[in-house]
Amino acid sequence: MLPIHFYATDALSATQTGLIIVLMVLAIILVLYTIITLRKVGIAAKKVDYFFEDLTYKSEILNATVDTIARVSNYVDIFDALAKRNVKSWVKVATKNKDIFYKMVEKLRDFANSED
């Protein structure tokens, strides 16, 4: 058997060896760049998630504020109708706030039926 010698001229030429080294370096740089990019994308995704979570929290607070303002305006309408002593205004407020009146009547009924 003949001895095997690994020389650049035997198996690969010098340009091919240089090309392989350059391609390996580029592959390493590309892998590092991909890792850094994916980390940045992950950070950006977390920031977007926090942004939507913050918007959801603020909208829940805003919903409570709007609900409170709606209730206060209903009480102002009721007070205005009572102050005017106008039956038309009472009917208007009553039809506008049927659910509130039904809840009040139901609570009064529960209170009257309770044994405490």
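What counts as what
Residues numbered from 1 in each chain as written. Predicted model: local features only at pLDDT ≥ 70, side-chain atom pairs only at ≥ 80, totals over all residues. Heavy atoms only, no water. Helix = DSSP H or I, 4+ residues; strand = E, 2+ residues; numbered from the N terminus. Buried < 20%, exposed > 50% of the residue type's maximum accessible area, 1.4 Å probe, protein only. Areas by Shrake-Rupley, 256 points an atom, 1.4 Å probe, with all protein chains shown as cover. Patch = residues over 30% accessible without salt bridge, like charges linked within 9 Å, V, L, I, M, F, W, Y side chains within 5 Å. Salt bridge = Lys/Arg side-chain N within 4 Å of Asp/Glu carboxyl O. Phe/Tyr/Trp six-rings, centres within 6.5 Å; stacked < 30°, edge-to-face > 60°. pLDDT = per-residue confidence, 0-100.

A closer look at the overall build of the protein chain
- Within the protein chain, the regular secondary structure consists of three helices and zero strands.
- Counting every position in the protein chain, which comprises 116 residues, the buried fraction comes to 4%.
- With an accessible surface of roughly 11,100 Å², the protein chain has 69% of that area assigned to carbon and sulfur atoms.

Quick notes on a nonpolar patch on the surface
- On the surface, L19, I21, V22, L23, V25, L26 and I29 cluster together into a nonpolar patch covering about 650 Å² of accessible area.
- Here L23 is to be found in helix α1 (residues 14-84).

What about the pattern of salt bridges?
- A full pass over the atoms with the stated rule returns one salt bridge.
- Taking the shortest distance from any N to any O, the salt bridge between K58 and D54 comes out at 3.3 Å. Of this pair, K58 and D54 both sit in helix α1, four residues apart, which is roughly one turn of that helix.

A closer look at the packing of aromatic side chains
- Counted by the stated rule, this structure contains one aromatic pair.
- Where F51 meets F52, the ring centres are 5.6 Å apart and the plane angle is 65°; that geometry is what we call edge-to-face.
- You can call F51 partly exposed: its relative accessible area is 48%.

Thoughts on the confidence of the model for the protein chain
- Within the protein chain, residue pLDDT values average 78, and 73% of them lie at 70 or more.
- No element of the protein chain has a lower mean pLDDT than helix α2 (residues 87-96), at 68, and none a higher one than α1, at 86.

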